[in-house]
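In case you want the letters, here they are:
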Amino acid sequence: MLAIERRKRIMRLIQENQSVLVPELSKLFNVTEETIRRDLEKLEAEGLLKRTYGGAVINENSSADIPLNIREITNIESKQAISMKVAEYIEDGDTLLLDSSSTVLQVAKQLKFKKKLTVITNSEKIILELANAKDCKVISTGGVLKQNSMSLIGNFAEDMIKNFCVDKAIISSKGFDMTNGITESNEMEAEIKKAMANSAEKVFLLLDHNKFDKSSFVKMFDLDKIDYLFTDRKLSLEWEEFLKKHNIDLIYC
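Thresholds, definitions, all that
- Residue positions are given per chain, counting from 1 as you read along its sequence in written order.
- With the structure being a predicted model, the display of local features is reserved for residues of pLDDT at least 70 and the display and counting of side-chain atom pairs for 80 or more, all residues being used for whole-chain, interface and lining totals.
- Only hydrogens and water are set aside when side-chain values are computed; all heavy atoms of the structure are taken into account.
- Note on terminology: pairs of cysteine sulfur atoms within 2.5 Å are recorded as disulfides.
- Residue exposure (1.4 Å probe, protein chains only): buried if accessible area is under 20% of the type maximum, exposed if over 50%, otherwise partly exposed.
- In this analysis, strands are considered paired if DSSP registers two or more bridges between them.
- Segments assigned H or I by DSSP are reported as helices when at least four residues long, segments assigned E as strands when at least two residues long, and all are numbered from the N terminus.
- When we speak of the arc, we mean the arc of directions from the helix axis to the C-beta atoms.
- These domain boundaries are the output of an automatic or database domain assignment.
- In what follows, residue pairs with any heavy atoms lying within 4.5 Å of each other are defined as contacts.
- The term buried area refers to how much accessible surface (probe radius 1.4 Å) is lost by two components on association, counted for both of them together.
- Here a polar contact is taken to be a pair of N or O atoms separated by no more than 3.5 Å, where protein atoms must pair a possible hydrogen donor with a possible acceptor and residues adjacent in sequence count only if both atoms sit in side chains.
- Residue type decides the class: Asp, Glu, Lys and Arg count as charged, Ala, Val, Leu, Ile, Met, Phe, Trp, Tyr, Cys and Pro as nonpolar, and the leftover types, Gly among them, as polar.
- Aromatic pairing here means that ring centres of Phe, Tyr or Trp (its six-membered ring) are within 6.5 Å. Orientation follows from the plane angle: under 30 degrees is stacked, over 60 is edge-to-face, and everything else is tilted.
- Note on geometry: axes are C-alpha line fits, over the in-contact stretch for helices, and angles between N-to-C directions span 0 to 180 degrees.
- When describing relative orientation, an angle under 35 degrees is termed roughly parallel and one over 145 degrees roughly antiparallel, while 65 to 115 degrees is termed roughly perpendicular and anything else oblique.

Focus on the state of the cysteines
Enumeration over the complete set of coordinates arrives at zero disulfides. Free cysteine: cysteine 136, not disulfide-bonded; nearest cysteine sulfur from cysteine 165 at 19 Å. Residue class for cysteine 136 comes out buried when judged on its relative accessible area of 11%.

A closer look at the pairing of strand E11 (residues 181–184)
The pairing of strand E10 (residues 175–177) with E11 spans three bridges and is classified as antiparallel. What sits directly across from aspartate 177, in E11, is glycine 181. Taken together, E10 and the strand that follows it, E11, pair antiparallel across an intervening segment of three residues. With two bridges connecting them, E11 and strand E13 (residues 218–219) associate as antiparallel partners. Residue glutamate 184 lies in a different strand from E13, and its bridge partner there is valine 218.

Remarks on helix H8 (residues 155–162)
Those residues of H8 lying buried are Ala157, Glu158 and Ile161. Down the axis, H8 shows its buried residues gathered within 100 degrees of arc, on one side only. Every exposed residue of H8 that faces more than 90 degrees away from the buried side is listed here: Asn155, Phe156 and Lys162.

Concerning the domain arrangement of the protein
Interfaces are frequently sized by the accessible area removed from exposure as the parts join. Here the protein is described as being made up of domain 1 (3–62) and domain 2 (71–252). Each of domain 1 and domain 2 was reduced to a C-alpha centroid, and the two centroids are 29 Å apart. If you look at the interface, domain 1 gives eight residues, while domain 2 gives six residues. Taken together, the two surfaces of domain 1 and domain 2 that pack against each other cover about 670 Å², and 57% of this comes from carbon and sulfur. At the junction of domain 1 and domain 2, the tally comes to zero residue pairs in polar contact (both at pLDDT 80 or more). Broken down by element, the residue count for the side of domain 1 that touches domain 2 peaks at five residues, all from helix H1 (residues 3–17). Residues that form the side of domain 1 that touches domain 2 fall into these classes: three nonpolar, one polar and four charged.

Some remarks on the environment of leucine 49
Here leucine 49 shows up in strand E2 (residues 49–52). Overall, the relative accessible area of 1% leaves leucine 49 in the buried class. As for leucine 49 and methionine 11, which are separated by 38 residues in sequence, their C-alpha atoms are 8.4 Å apart. Apart from residues lying up to four places away in sequence, leucine 49 is in contact with Met11, Ile14, Leu40, Leu43, Glu44, Ala56, Val57, Ile58 and Asn59.

A short note on the packing of aromatic side chains
A full pass over the atoms with the stated rule returns 11 aromatic pairs. Each ring, one from tyrosine 89 and one from phenylalanine 230, has its centre 5.3 Å from the other, and the planes form 85 degrees; the classification is edge-to-face. Highlighted residues: tyrosine 89 in the loop between helix H5 (76–88) and strand E4 (95–98) and phenylalanine 230 in strand E14 (residues 228–231), separated in sequence by 141 residues.

A closer look at the packing of H8 against helix H9 (residues 187–198)
Close contact between H8 and H9 brings their axes to 9 Å; oriented N to C, the two are set at 5 degrees. In terms of their interaxial angle, H8 and H9 are classed as roughly parallel. Contact residues: Ala157, Glu158, Ile161 and Lys162 in H8; Glu191, Ile192, Ala195 and Met196 in H9. Here the residues of the contact of H8 with H9 are counted per class, giving five nonpolar, no polar and three charged.

In structure tokens, the structure reads:
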């Protein structure tokens with residue numbers, strides 16, 4: 001097993017159990033305890049966990065996996081500004097894929113007055129938000145519920161998404177830097193977003209200003225998948241040139 005794959009599995013275990021022990025990981029992956037300690041050291045340097053005597057615990061001070069009810073009220077003004085601008089690019093009759101991020105949840109709030117929309121989502125919150133929208137067909141991906149994000153993940157959800165061809169996928173991420181590209185903190189969430197991008201004619205990436213020059217655990221997809229990037233503050237000239245080079249239309253909100 002490659003080191004990066006082992007570290008992904010370690011993060012999945014720590015997200016599920018809140019903590020891990022070096023001896024148990026050593027036996028599970030059939031590697032030395034020193035190898036596991038190096039893995040934990042690297043993950044700690046990325047802000048994803050905190051090492052303890054004999055193991056590691058989830059980093060509660062990290063933005064890696066903050067519960068949705070907290071993310072919903074963080075940078076709310078920025079997310080609302082982005083969502084209102086995104087709504088201008090959604091036309092009556094569109095078919096949409098919406099991810100389970102707090103920013104995209106704000107977009108869902110703007111869709112209630114659109115006509116003849118079809119929304120496919122893995123977000124329980126978005127399903128409830130659009131439940132009373134009179135002219136919006138809502139389709140759930142199904143899947144395994146991830147409680148802290150109220151998202152549906154796993155192979156069932158991915159396969160469901162792959163069955164569709166939609167006009168637009170609306171996605172957010174944990175970070176975007178010029179070296180690692182677009183990244184996410186959770187491997188299974190990242191796979192859902194990859195599937196959404198692959199099933200859409202156009203892909204909208206929604207990022208508030210504090211997501212730039214940040215890198216998280218899992219690379220999601222290549223930059224050529226992104227058609228529009230929506231953000232709330234003016235970027236540096238270096239960033240504007242970088243996005244232009246990769247044929248990404250930058251929309252300020």
